[in-house]
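Listed below are the residues making up each chain.
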Amino acid sequence: MIWAKEETLPRAEIEKIQLERLKETVSYIYERVEPYRKKMDEAGIRPEDIQTLDDLRKMPFTYKADFRDHYPDGLFAVDKKDIVRYHASSGTTGKPTVVGYTQNDLDIWLNNVARIACMGGATAEDVAQISFGYGTFTGALGLHGGLEKIGASVIPMSSGNTNKQIMFLQDMGVTLLVATPSYALHLGEVLRERGIDPSKDLKLHIGLFGGEGMTEPMRDEMHKAWGDQFVCTQNYGMSELCGPGVAGECTELCGMHINEDWFIPEIIDPETEEILPPGEIGELVITCLGKEALPLIRYRTGDLTKLMYEPCACGRTTVRMANLSGRADDMLVIRGVNVFPGQIEEVLFKIDEIGPHYEILVERKNRLDVMTITVELIDDRLLDSYALLSELEQRIKSALKSQLGLATHIRLVAPNSLRRFEGKAKRVTDLRKDGL
Ligand SMILES: [Zn+2]
């Protein structure tokens, strides 16, 4: 089911809506948000300079740092009395990012989430268990409201308490799970350990995942844990932009459709800030249209992806963004080529003989950038055969070459010999930056 007619408009009509809303948004923000007015004045831009969609590129970017500088609500465009809801990001370092919604913002937001739920195959028949943590995080209440809008029955389970999660999955006939992909994998493994076969013993057949990216190898793992009947899609959003509801994967599983009537996406080279053509990977920049409480122009998401305008078999005409390739901060420039650790990871995951642990070392030798990737073997008996090792090394090299367009060095090491990390792994060492 397609939730809104805006998802299937011809491109010219989508762009007409975008341009109209962009002009309104720019005037609105110039009038009401002082830090924006200042930025625009400094750049010498007036609202009337925006006459075409291409004119958007004249506008200054908005950064995460703008939220910090104007904490908590200096970027808001309405009075406190008009705000009906606040949310906040987790704020792993320092103060969280606080966002607000008017009643109208909430309506648009939850309708956008309803679209995403439908993209993933949800209907009014579904019983949905939300296993995101509730609280100020936008994920739980966002999916909660969107699923209620389409008429599904929602169980606000929240995160943790695996025993209760499993009891409800069984007793309530849950058909749809909302979770982070890593939690869903964990839950699936616990079920298997307890002798429960999700494909036979549960009614669950839809997964709507968010909060973190899901790679294709993770999706394969998901099917191993939950069975092939389990259709799992991911969706994209961030609290600054509204929360979930920016983009979602349809059941064709070929990227996430962006709700383009409310969000204009651009892809830029994070170093040069130049706009990249469709199909090239770069940093996603989003302009939010029609938001009353917290309008945002050209927000630098820091997420790396590419845009795909080819038609999708689901019938939606909106542009799709690819699975995230990582964060802009993680990007390496090797001999002029942008390389993302996520791309390397994707290649390594597909090779059976090596494990999930790897390290990337970048150095400069004879004025040339050299990248060495160290990977762990799963079976140390391979180390005894030079012929097998060298065949494997060549296979990894050529897979990387076709993915990155770059030659790399590969070091194969014994199982369990690489450093293990608790929390976020530090896999990249760039000696060029250390000036060596
Ligand atoms: Zn589609």
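Residues numbered from 1 in each chain as written. Predicted model: local features only at pLDDT ≥ 70, side-chain atom pairs only at ≥ 80, totals over all residues. Heavy atoms only, no water.

### Side note on the nonpolar core
Counting 68 residues, the largest nonpolar core has Leu 147, Leu 241 and Phe 263 as the members making the most contacts within it. A per-element tally of this core places helix H4 (residues 103-119) first, with eight residues. Each residue touching Leu 147, except ones within four places of it in the same chain, is listed here: Ala 117, Ala 122, Ala 128, Ile 130, Ala 152, Val 154, Leu 176, Val 178 and Leu 208. (Core = buried A, V, L, I, M, F, W, Y, C linked by side-chain atoms within 4.5 Å. Buried < 20%, exposed > 50% of the residue type's maximum accessible area, 1.4 Å probe, protein only. Helix = DSSP H or I, 4+ residues; strand = E, 2+ residues; numbered from the N terminus. Contact = heavy atoms within 4.5 Å.)

### Examining empty space enclosed by the protein
Taken as a whole, this structure holds two cavities of 30 Å³ or more when the rule is applied. Taken as a whole, the largest cavity encloses approximately 100 Å³ of empty space. In terms of lining residues, the largest cavity is bounded by Tyr 101, Asp 105, Ile 108, Trp 109, Asn 112, Leu 241, Cys 242, Trp 262, Phe 263, Leu 289, Gly 290 and Lys 291. Looking at the lining of the largest cavity element by element, the count peaks at four residues for H4. Classifying every residue of the lining of the largest cavity gives eight nonpolar, two polar and two charged. Glu 345, Leu 348, Phe 349, Gly 355, Pro 356, His 357, Tyr 358 and Val 375 together form the lining of the second largest cavity. (1 Å grid on protein atoms, 1.4 Å probe; cavity = no way out; pocket = protein on both sides within 12 Å on 5 of 7 lines; lining within 4 Å. Points joined across faces, edges and corners; volume = space filled by probe spheres on them. Nonpolar A, V, L, I, M, F, W, Y, C, P; charged D, E, K, R; others polar.)

### Points about the domain arrangement of the chain
One widely used convention gives an interface's size as the accessible area the parts lose upon coming together. Along its sequence, the chain is organised into domain 1 (1-327) and domain 2 (331-434). Computed over C-alpha atoms, the centres of domain 1 and domain 2 are 32 Å apart. Its largest share of buried area at the contact with domain 2, domain 1 owes to Pro 217, Ile 281 and Ser 325, together 48% of the area lost on that side. Taken together, domain 1 and domain 2 are joined by zero salt bridges. The interface formed by domain 1 and domain 2 includes zero residue pairs in polar contact (both at pLDDT 80 or more). (Domains from an automatic or database assignment. Buried area = accessible area lost by both parts, 1.4 Å probe. Salt bridge = Lys/Arg side-chain N within 4 Å of Asp/Glu carboxyl O. Polar contact = N/O pair within 3.5 Å; in protein donor to acceptor, adjacent residues only side chain to side chain.)

### Remarks on the sheet that holds strand E11 (residues 282-288)
Hydrogen bonding along the main chain pairs the strands of a sheet, whether they run parallel or antiparallel. Ordered in space as E10-E11-E12, the three strands form an open sheet in which the pairing is antiparallel. One side of each edge strand has no neighbouring strand; the edge strands of this open sheet are strand E10 (263-268) and strand E12 (299-305). Averaged over neighbouring strand pairs, the angle between their axes works out to 30 degrees when direction is ignored. As paired elements, E10 and E11 share six bridges and run antiparallel to each other. In the sheet register, Ile 264 faces E11, and the bridge partner there is Thr 287. (Pairing = 2+ DSSP bridges. Axes fitted to C-alpha atoms, helices over the stretch in contact; angles between N-to-C directions.)

### Observations regarding the environment of Ile 50
Assignment of secondary structure puts Ile 50 in the loop between helix H2 (34-43) and helix H3 (64-69). Here Ile 50 falls in the buried class, since its relative accessible area comes to 1%. In contact with Ile 50, other than residues within four places in its own chain, are Leu 22, Lys 23, Val 26, Asp 55 and Met 59.

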